[in-house]
Every structure is written in C-alpha cells, then in structure tokens.
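# Analysis of the macromolecular model
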2 protein chains.
Amino acid sequence: MAASAPSSSGGDPDPNSTNLRPPSTTYDSWCGVAHGCTRKLGMKICGFLQKNNSLEEKSRIVSSFRERQSPKNLLSCENSDRDSRFRRTETDFSNLFARDLLPAKNGEEPTMQFLLEVVDILTNYVRKTFDRSTKVLDFHHPHQLLEGMEGFNLELSDQPESLEQILVDCRDTLKYGVRTGHPRFFNQLSTGLDIIGLAGEWLTSTANTNMFTYEIAPVFVLMEQLTLKKMREIIGWSGGDGDGIFSPGGAISNMYSVMVARYKYFPEVKTKGMSAAPRLVLFTSEHSHYSIKKAGAALGFGTENVILLNTDEKGRVIPADLEAKVIDAKQKGYVPLFVNATAGTTVYGAFDPINEIADICEKYNMWLHVDGAWGGGLLMSRKHRHKLSGVERANSVTWNPHKMMGVPLQCSAILVREKGLLQGCNQMCAGYLFQPDKQYDITYDTGDKAIQCGRHVDIFKFWLMWKAKGTIGFEQHINKCLELSEYLYTKIKNREGYKMVSEGEPQHTNVCFWYIPPSLRGMPDCEDRRERLHKVAPKIKAMMMESGSTMVGYQPQGNKVNFFRMVISNPAATRSDIDFLTDEIERLGQDL
Amino acid sequence: MAASAPSSSGGDPDPNSTNLRPPSTTYDSWCGVAHGCTRKLGMKICGFLQKNNSLEEKSRIVSSFRERQSPKNLLSCENSDRDSRFRRTETDFSNLFARDLLPAKNGEEPTMQFLLEVVDILTNYVRKTFDRSTKVLDFHHPHQLLEGMEGFNLELSDQPESLEQILVDCRDTLKYGVRTGHPRFFNQLSTGLDIIGLAGEWLTSTANTNMFTYEIAPVFVLMEQLTLKKMREIIGWSGGDGDGIFSPGGAISNMYSVMVARYKYFPEVKTKGMSAAPRLVLFTSEHSHYSIKKAGAALGFGTENVILLNTDEKGRVIPADLEAKVIDAKQKGYVPLFVNATAGTTVYGAFDPINEIADICEKYNMWLHVDGAWGGGLLMSRKHRHKLSGVERANSVTWNPHKMMGVPLQCSAILVREKGLLQGCNQMCAGYLFQPDKQYDITYDTGDKAIQCGRHVDIFKFWLMWKAKGTIGFEQHINKCLELSEYLYTKIKNREGYKMVSEGEPQHTNVCFWYIPPSLRGMPDCEDRRERLHKVAPKIKAMMMESGSTMVGYQPQGNKVNFFRMVISNPAATRSDIDFLTDEIERLGQDL
C-alpha cells in the first residue's frame, strides 16, 4: 500500500522514522496498572514497589488484580491494541515552547500533555459555568484590561512565550470573559453551553477542514445535506425538497435571501448590475432585524428602498399596511420584490402573520422570506409551531439553530424552496476548486452556492446534538424555555414596580418590561418621569455587570424609553434563576 | 455579594444546591496517589493495598513518597484547594444520554467523563494526523457514506441516541474525513494542524460567545483590536493606524473592500442604491480569486463591470494593461472605482506589482485593494516581504492567517487604512445591541462595522499562536515553507517526465507542473496529446485519493490543460514528504 510505504529518498530525515510512541515501559506488567496515575508518579510507584517488594509479592499483586479486573479494564490502563491513552503527568511547561510540540521530533508527549492541561482548564471552566455560586462575569473596563491585569498582558511580541505562560493566558482569557452558559446569563438570544454541542465544536476544530468540496469534507458535506433536508421537511416543503446552506450567521442568511430573490426575478443583475433592473423595493417590519437594511445597503438596493411596515401593539406586521405600501410603490413605478416576515422579532419576540403576508406576496408576485433566526426553533415544538403557520409558503427561510435550539455559535441556515437558485446566483465555476473531472459525483461540492469561498464547518455540532437529543429533545428544550418565560410573565404582570411593555402573553420567550423604582411609582406620566425611567434599566444593568450577578438586555424601542428585554434560551435556567433575576432588579433598583 | 447569594424563593429546586463535587475519597492520603489512574482502578489499587499491607507499611510508603515528591506534585493528585481534577473512569455510556449531562442534576460527573472520552478520541486523532504511517484519507463515494458504513448512520431521528453511540459517531466522523494536518496533505492553501491554534479553538468554543459587543466578549474584542493594529503596523501603515475586522473568510474580506471603496467615493449608495452612482468599474487580474467577481455580482455592480486584467507569463498583472483599461472605461463614461492587486494568486502564487498599480490608482483616483489572503503571510518574513513591496500604499488589505500562517480555519482579516469607513458603511445603530448609555466606552463595540450581526470569535487562536510563537515563529514557518517549495522546484524543473507551467523560480510556495507519463513523452504537441495530458492529473489524483496516500490539487488555467498545483503551508511537511509526492505521482502515473 502506498500509504504505508514511506519514501526513503533523500532530504531531511523523516521525523516519523523515529518511534514517536510513548516509550514502552521496561517495568513489569504490574507497572502498567499504575500508568493511569500521572505517568511520572506512576513510575515512582513502580520504582518504589520494585525496591520495596519482592518479586513474589509483585506477582501476587498482579495476579490479584487480574482476578478483580476484567481484561478490558486492565487493557485500558496499558498500551494495548487499541489506541494508547495518554494520562496527564506533572509536566514542567516553563521550559517548553510551541516549537517543542508536534510536528517537532519527539513532540508527541509534550503535545498530549499540553492539550490535556488545556482540557483541564476547559473542563474546570465548564463545571464553574453551571455553578450558581460563581459570577456570570468579572467586569473590567477596556482600559483596565489593556493596562494588564496581574500579568495578563494582551500585547504581542517578537519572541515566543513558554507554554506555561500560554496556559496562564488561557486561564486569564476565561477569567475575564463572560460565562454565556451560566444559568443566569440572559443577555443574548444565544445563551447556554450545550455539552454535546461543545464536544462537536472540539471535534470540528480538530478536523480543521472546509465545507467547499466533498473532496476535503465528505462527511460534513453529507451531514449538512441531510440536516438541511430535515429542516425543510419540518418547514413543510414537500418531500424536504429545495436547497440551502449554513452561513456565518442570520444576517448573512438574510442577505442570501435578498440575493436569491433578486436573481430569481432579475437574473441579469448578476452580470449587468443593479442598473439592469428597475427600482426594486424590499419590505420588512419596523421591528425586524437590522440585517435586512444592512443587506439592502450592501447589495446595492439602498436603505431607502427598504420600506418599513407598521406593526400592531405586539410588534406584528399589519398586513393591510404591507398591501398599501406595495400599491404605493407600484404607483411610483417601483417594483416590489421581496417581503420579509419575521418569526420572532429580536426585541418583542413577535411573529408576523405569515399566511396573510403570503397572500399578498402571491397577489403581487413578490418573494416571501421568513426570518426565523430567532423563532425558527419553535418549528421543533408541536405545541408552539403554529406560531409560524404558513411558513411552508415562504420562498426562503432563515433559521438559526445557534439561538433557540442551543447550538453553539455559529450555526445559521438559509433554506430556499426552489432548487438551483443559490447555485445560479453565486456560482463562478472556479477551476481550481470545482474541477468537472473529479472521480466522485461533483454535485456534492457546495462551494459555488456560497458567497464565501472557504466556509467553516458549522454543521457537525448541530448534527451531533440532533443525534444525541433527537427531535424530541429539542422540542422539550423549547417547551421548557417558553414555560419559563410564561412563569416570568405571570409573576410580574401584576407585581408592584413592574409594567409590561405590551399587554397579553408573549408569543416567544421575550418578556419586555419596565421596572419602576419606588421613587417613580406615584408620579404621573410626564417628560421628567420618562427621562428618569429611561435611565433606570441602564443603571441596573451596569450594577448587575459590576457585581457579576446576572445579565439581561435592555433597549428603547420607537417612542418607548429603555425597558428590559428578558429572553430565555438557556437550558440551564430554572424558575429559581428567574426569581433571582427579579430579586436582583428589585435589590439594585429600589433606591434609584 | 449578590453573586454568592442564591435566591431561595420558590420554583423548582436549584440543582446546584446539591453537592456536585466528586465524592471525596474515604481512603487515607496514600490513596490519593493512585487517583491518577482511572479512578475505578485507583480505588481498586487502594482497596488491594489496604488488604495486603499493614498500616505501618502504608505509612512507610507514604513517607517514602513524600520524600520523593514535591508537595505540589502530591497535591495535584488529590482534591486540593485548587480546582479538583477529573480523571477518566471506565464509564458505561450505553445507558447515558444527553439529558444526563449538565445542566442535569448530578450531571457533573457524566459530563466530565463524556468530555474526557471525547478528548481521548481527539488526541488520538491528533497523534495519528502526524503519523506518516496513517492514510491522509479513507475515501468513500457519497452514496457509500449515505448508505451507512458499518453502523455509521448519518440520518437524524426523533429519539435520542446513547452517549456511547455519540462517541462512536465522533470516531466515525473522523475516520471517514480527511486529515488536513497530515504531513502529506497539500490539497489546499490551508493545511496543517497547529497545536496551539487547536487549543485556542477548543477554548473559543468553550467560551461560546460573540464578537459584536465588548459587553459579552471583552477580552476577545481587545485581542482583535491589538492584533489588527499589529497587522497594520506590519503592513506599514503609520503607527498601525486604520481599521479592520476579522471576517468569515477571504471572500467576505474582499467583499468588504469593495463595499468600503464604494462607500468612500459614493456614500449615497448606502441609502439610495446603485442607481445613485454612475456605472462603476472594478479591475482585477484574470488570475485573481473569483471572490472579486462574486462581490461584483452580489453588491450590484454586475460581473461585466469587473474587468479582468492581462497578466505576464508568471501570472502577474501587466500595469500597462490596467492603465489602458482604465482609460477605455473612462472613455465609455464609466467610473473606474477599485483595483484589486493580488499578493499571491491562488494557482500560480503570483504577486502583482503593487507599486506600479498604486501609481495608476493614485493617478486615476481609484481605491487600491491588496488581496493578500494567500500571500499576506509573507509580510511576516524579512526575507520574503519584499514581494509585497508597496502594500503600505493600499487602501485596504485582505490577509488570511488561516492560510500561510497555519492558523486553524477560519481566520481572515480585512484591514482598512482610513478609520471610520467600515463603521460608516455598515452601521445601522440597532438599539438592542449598541445602547449609547452603557457604562463602558462603547467605541469598543465592533458589531456595527460588520455586515454580520453575530460574529464568530476567530481571533483567539491567532492571538494565542502569536503569543506562543512570537513574530519570529511565524517568520520561521514561512521561510521553511518557501524553502520546501524551492526544493521541489529545483528537484523537478529538469527532471524527466515533468514540465513546469511557467519558467523561473516561483514567487510563493505554489509550484505548478505537468507530469508527463512515459507514453506521452516523445509525442509532439497536438490536440490528441493535449487531450490525453488533460486527463493525467485527474487520474493520478483519483488514484491518490483512493489509496489515501497524499493529496495535491490540479486544475486547468486559461488554455493550459490540467496541471498539478503543489502548495506548501503545512508545518509538518518535510523534504521527505515532497519526495514522497513525486514518487507517488510517478508510481501512479507511469502507465497512463
């Protein structure tokens, strides 16, 4: 076999020609038993026993072990036919450097010890993340971190640092960061630390490959294909047909939707530019994510041609407003191209009425995109998926498993109902990547569907989580998060010192509310009160961050002054954490 | 402190109120010594010794150890004041499921065991990656993998699978993948597996956060800022001034450059769209990366307005051709906006003459972008950076540390000389993320510079590698790769059966050549020979992949039939691997 026939011809010596396996022990087989201990220590045990026990005693020890241990257990502690397992030893990293690690000669042992030391740091971090007695963060201002915290120096230099310093840097990086998996971290739509997903990410970075061709990512490319098909089935597209790709986040997924819509209706824009098309107009809710406007700016539509739609008091698009604005645009001679319906708005968690919007899109021949970056996860729940009723009528859907489904960042899918558009829109047929004369079925190469060339492997963690939890596992997670937000809503809707931003039960896990400090409770609504109330949430948030106790978002919206937006996607959160949050708001806010 | 005062009010019980630490051992202190072994086994050693040794003997053993071991070493093997360290035990994962892991009650022990088991799989993979007796890949066709390989089933289901199956899936995923870090993997511009970078990625995924605000990524945001400044200094921009961001790959970085150029000259396009500007023209080499055309298509310029420049025989832009085409465009009434100079083309590794192109850009008031995705790394080498001479005159630079600098995927920077343009071009001021009333200096929030919203943390691995290697470490790596390509070039340039695609020493590590099988060697150049030669590289490549021995790219270019493109960025590669490659080409190709 070619693979096992290393070349012997010339050049520098092949580092693998020397034996890089850990030196096989010369102690007798009993010593293998002690190898599980840190190796150094294990050898010391062995040495000690060799000095202090007679040969007879050693053989007695060994045979006694053999009686107690299954062969499998014994083997696992020795070098066996299976992969040998490394144990952490007390390694002095102060004299080791990156250059001593693989592929360096004899680099295997320091490499393994270094990686295991890193894993020790990481697993400790994981344990602490879930421990409520730890802080969510240890806040420092930028200038403090830049000045250097107790030897944590961010500056880069010409000379290498020892691996000991590198390990210290790893610890410090985690120490001064934010525990986004902490049960009391509610600050973002992406929270939590899924252990299976984490394992998936570790594997992904170890595999260190690229999604553009089947050639170098055969397994991941197929996983992506099967997972996207499954998502399309769940959306309700017949037979799971259609197309899709994982992209670097919801904003890029939304950008894809606009590009594909433009290509569908005006394919000549690809070659001739926007001047080949009439003035094209995009429609999206005033509450929708800003990425639709960003896409409008980037792709050459212009933000003025992104028309914002009015919403009802709960933040849902008013279909009649859409139709009126479509008619208005047409009367001006513009071409209504694209409507974005949001399934789960960023602040209110509102679901636009997809079916009514779809009717209007059909009537006026417009592309319907559903931005389910945040709310798409609800499709996994039989109880809540009705909130996306009509999603199967969409031409494209953004759905971010890294939000409501708890998949580690980044994991965002753009799904397109019509096959071939993504490819048609983006392909450039680069000869060096997409050779037509490969030995395998090149329809599996995905690169020409993307606006990227290289594309990070975002699929594996998600696929692995799906395997490990099953569809029902995601459903349970989503139902639980929505129950928790209902718990919060029920708790505070009539509680003294709280005012909900809109009436009625939230549709998603977003619960938006003002906390009114005692000093403002009796005050009539006036400019002074509004100004003071506007400052409450930022002040409480700042104190939360300084104390490191919890984190929750706030923002103004339209003419509404700053209010808290509580969102729950964290699988570690429980009712007690919700209680903790309200207690904390009240504790910090009572004297404001 | 708020953080250490858990709420006691109501709801479901706090899972952290129970003690999740590993049960403290009841054996005496000597048992701690054996804890390093798999814990189960360790306990059996302890139990055995307790039965078979007198107390006196045990105390003698302990004191003897104490003499030999520093207290630090002893402590590290026990639960101590430091974080307790988990040891792998023989865990039965067949009855464990994702739901048993953290945040589940009592989930800490199975979580740690599961993660350590995954790490064992990964570290074995790492070891094998560097072992030349292993294959680069174990090739299977898509239909084979889809049909299920020995129980490796890619399909997703409703019900969860056991953690045992998940671990098997992890092993299989790696088994059927491609070892991109293998010393004989030369297929892509991104190769190798840097151990420090890998550790950095593991930490990044454990931290699982997002670059958009300082609030939730304080350390990473500062690392990005300092690293980008360092890169700008190396480019040669005075004081490292300017701006930049890490993006999801070189194609997106190049897209940024076009967007920023357009914003600089025609800021009204952001709001009014491309119709507010005259017909804008972009210029780039016929050998440049296809992402410039992709950007032209996506951003609404149209690929017809991306003018390809002629190159010399080595693939470098001919400046006179640029000037002629600029003049031609102006005569047609179009506006020349942007010139891309490639530093290291994808196939030939050619460096466009930046200074001469910069002269023309200045003369005609055009934006100069340098696409150094592949060649930017040479800036780290005092010996080779002259190839990018003039780069300091660029308005923007793409530089992918994940290519020539060996950083794991993805890591690509777009650097912009003028501050404020990125922000001006992309900002939408989303209230829910970029609150103006935060307690810290909000100029550190980076999100509004990006076309993305959420942005993956790509900086940490790179920062950590820089710390660990120093600037000189990168320099050594780059010099070594270029020496290896020189070795290959020198070896084959006059060797029978090889023909170089262009004369003279390559500028980068790209070495492009035809292998001419004996059957074609005497043949005069004619259509039949060309057709047959065109099939040689694909056939050899297919056989390489089937045997799994090595991987190298090939492609046609212009009117040149398929040739091999050898590239070296893999730090594990040595001369013997270069020899192996040519031996393998000759072995597989001799009978074609």
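Here, residues in each chain are numbered from 1, in the same order as that chain's written sequence. In the order they appear in the text, chains get letters beginning with A and ligands get numbers beginning with 1. Only residues with pLDDT of 70 or above have their local features reported here, since the model is predicted, and side-chain atom pairs are shown and tallied only from 80 upward, although totals for entire chains, interfaces and linings are computed over all residues. Working from all heavy atoms in the structure, the side-chain values ignore hydrogens and water.

With that out of the way, let us pick up the overall build of chain A. Secondary structure elements are defined from DSSP: runs of H or I of at least 4 residues count as helices, runs of E of at least 2 residues count as strands, and each element is numbered from the N terminus. Within chain A, the regular secondary structure consists of 19 helices and 12 strands. Buried, partly exposed and exposed residues are distinguished by accessible area as a fraction of the type maximum, computed with a 1.4 Å probe on protein chains only: under 20%, between the cut-offs, and over 50%, respectively. Within chain A, buried positions represent 67% of all 592 residues. Any two residues having at least one pair of non-hydrogen atoms within 4.5 Å are treated as being in contact. Put simply, of all contacts in chain A between residues at least 6 apart along the chain, 72% involve residues at least 24 apart. The method behind every accessible area is Shrake-Rupley, applied with a 1.4 Å probe, and residues are considered shielded solely by the protein chains displayed. For chain A, the computed accessible surface area is about 19,700 Å², with 49% contributed by carbon and sulfur atoms.

Bringing the interface of chain B and chain A into the picture now. The interface of chain B with chain A comprises 214 residues on the first partner and 213 residues on the second. Accessible-area loss on putting two parts together, using a 1.4 Å probe and summing over both, is the definition of buried area adopted here. For the pair chain B and chain A, the summed buried area comes to about 18,700 Å², and 61% of that belongs to carbon and sulfur atoms. The largest per-residue losses of area from chain B upon contact with chain A belong to B:Arg127, B:Leu156 and B:Lys467, which jointly make up 5% of the total buried on that side. We count a salt bridge whenever a side-chain nitrogen from Lys or Arg sits within 4 Å of a carboxyl oxygen from Asp or Glu. For the pair chain B and chain A, the number of links is 10 salt bridges. Between B:Lys294 and A:Asp448 there is a salt bridge, with its nearest N and O atoms 3.7 Å apart. Counting of polar contacts relies on pairs of N or O atoms within 3.5 Å, with two restrictions inside protein: one atom must be capable of donating a hydrogen and the other of accepting it, and residues adjacent in sequence are counted only when both atoms are side-chain atoms. Where chain B meets chain A, there are 65 residue pairs in polar contact (both at pLDDT 80 or more). The element contributing the most residues to the side of chain B that touches chain A is helix α5 (residues 108–129) of chain B, with 17 residues. Broken down by class, the residue content of the side of chain B that touches chain A amounts to 103 nonpolar, 62 polar and 49 charged. Three residue categories are used. Nonpolar comprises Ala, Val, Leu, Ile, Met, Phe, Trp, Tyr, Cys and Pro, charged comprises Asp, Glu, Lys and Arg, and polar comprises the others, including Gly.

Residue and element names in this part refer to chain A. Looking along the chain, the bond that leaves leucine 102 and enters proline 103 is cis, with omega of 10°. Each neighbour pair has its own omega, and for leucine 409 with glutamine 410 the value is -5°, a cis peptide bond. Locating glutamine 410 in the fold gives a position in the loop between β7 (396–399) and β8 (412–416). Backbone geometry at asparagine 208 places phi at a positive 40°, although glycine is not the residue there. Secondary-structure assignment places asparagine 208 in the loop between α8 (195–207) and α9 (218–235).

The next subject is the UniProt feature "modified residue: N6-(pyridoxal phosphate)lysine" (unreviewed entry) in chain A. Residues and elements named next belong to chain A. With numbering matched to this structure, UniProt assigns "modified residue: N6-(pyridoxal phosphate)lysine" (unreviewed entry) to Lys403. Within the secondary structure, lysine 403 is located in the loop between β7 and β8. Apart from residues lying up to four places away in sequence, lysine 403 is in contact with Leu189, Ser190, Ala373, Trp374 and Ser569. UniProt positions are given in the numbering used here, feature names are shortened, and annotations may be inferred rather than shown by experiment.

Residue and element names in this part refer to chain B. Paired strands, as defined in this entry, are two strands with at least two bridges between them according to DSSP. Sheet architecture is open: 7 strands sit in the order β2-β8-β7-β6-β5-β3-β4, paired in mixed fashion. Both edges of this open sheet fall to β2 (243–247) and β4 (306–309), since each of them pairs with a single strand only. The mean angle between the axes of side-by-side strands here comes to 20°, regardless of whether they run parallel or antiparallel. Two strands pair when backbone bridges link them, and strand β5 (residues 335–342) and strand β6 (residues 367–372) are joined in this way by 5 bridges, in the parallel orientation. Bridge pairing in β6 links threonine 342 to aspartate 371. On top of the sheet, helix α10 (residues 250–265) reaches β2, β3 (280–285), β5, β6, β7 (396–399) and β8 (412–416); it is set at about 170° to β6, its chief contact. Between N-to-C directions, angles span 0 to 180 degrees; the directions come from axes that are lines fitted to C-alpha atoms, helices contributing only their stretch in contact.

A separate point is the pattern of salt bridges. Tallying each qualifying case throughout the model produces 58 salt bridges over all chains. A:Lys175 is the partner of A:Asp138 in a salt bridge, and the nearest nitrogen-oxygen pair spans 3.4 Å. Pair noted here: A:Asp138 is in the loop between α5 (108–129) and α6 (142–147) and A:Lys175 is in helix α7 (residues 163–175), with a separation of 37 residues, a long-range link. What makes A:Asp138 partly exposed here is its relative accessible area of 21%. Take A:Lys175: its relative accessible area is 40%, and that puts it in the partly exposed class. Between B:Arg587 and B:Glu584 there is a salt bridge; the shortest N-O distance is 3.0 Å. With a gap of 3 residues between them, B:Arg587 and B:Glu584 both fall in helix α19 (residues 575–589), about one helical turn apart. Overall, B:Arg587 belongs to the partly exposed group, its relative accessible area being 43%.

Turning to the sheet that holds strand β9 (residues 498–500) of chain A, a few remarks are in order. Hydrogen bonds between backbone groups are what pair the strands of a sheet, and the pairing can be parallel or antiparallel. All names here are of chain A. On the basis of which strands lie adjacent, the open sheet formed by 5 strands has the order β1-β11-β12-β10-β9 and mixed pairing. Each having just a single partner strand, β1 (185–186) and β9 make up the two edges of the open sheet. Packed onto the sheet, helix α16 (residues 459–492) meets β9, β10 (511–515) and β12 (560–566) and runs at close to 30° relative to β10.

Right, let's get into the packing of aromatic side chains. Geometry of aromatic contacts follows a simple scheme: Phe, Tyr and Trp rings, the Trp one being its six-membered ring, pair when their centres are within 6.5 Å, and the pair is stacked under 30 degrees between planes, edge-to-face over 60, tilted otherwise. Under the counting rule described, the total for this entry stands at 39 aromatic pairs over all chains. Both rings, one in A:Phe152 and one in B:Trp463, keep their centres 6.4 Å apart while their planes meet at 80°; by these two values the pair is edge-to-face. With A:Phe152 in the loop between α6 and α7 and B:Trp463 in helix α16 (residues 459–492), this pair bridges two chains. Judged on exposure class, the residue A:Phe152 and its partner B:Trp463 are both buried. With 6.2 Å between their ring centres and 70° between their planes, B:Phe246 and B:Phe462 make a pair best called edge-to-face.

Looking now at the environment of B:Ser381. Residue and element names in this part refer to chain B. Along the chain, the position of serine 381 falls in the loop between β6 and β7. Relative accessible area serves as the criterion here: at 0%, serine 381 is assigned to the buried category. Here the alpha-carbon distance between serine 381 and glutamate 475, two residues 94 residues apart in the chain, equals 4.6 Å. Serine 381 has contacts with Glu475, Ile478 and Asn479, leaving out every residue within four places of it along the chain.

Before going further, it helps to examine the nonpolar core. Residues A:Phe114 and B:Phe114 are the most contacted members of the largest nonpolar core, which totals 314 residues. In this structure, A:Met274, A:Ile292, B:Trp367 and B:Ile414 belong to the second largest nonpolar core, which totals 60 residues. Side-chain atoms within 4.5 Å link the members of a nonpolar core, which is a set of buried Ala, Val, Leu, Ile, Met, Phe, Trp, Tyr and Cys residues.

For the rest of this paragraph, the subject is the relation of the copies chain B and chain A. A least-squares superposition brings the copies together, and it is based on the C-alpha atoms of residues with pLDDT no lower than 70 in both. Rotating chain B by 180° and translating it 0.0 Å along the rotation axis places it on chain A, where the RMSD comes to 0.0 Å. What the rotation and shift describe, once combined, is the action of a two-fold rotation axis. With an isologous cut-off of 70% or more, the 99% of interface residues of chain B that recur at the interface of chain A puts this contact in the isologous class.

Residue and element names in this part refer to chain A. Across the 5 residues of β10, 5 count as buried, placing the element largely inside the fold. Here β10 shows a buried face lined by Val511, Phe513 and Tyr515 and a second buried face lined by Cys512 and Trp514. Of the pairings in the sheet, the one linking β10 to β12 comprises 3 bridges and is antiparallel in character. Bridge pairing links phenylalanine 513 to phenylalanine 564 in β12.

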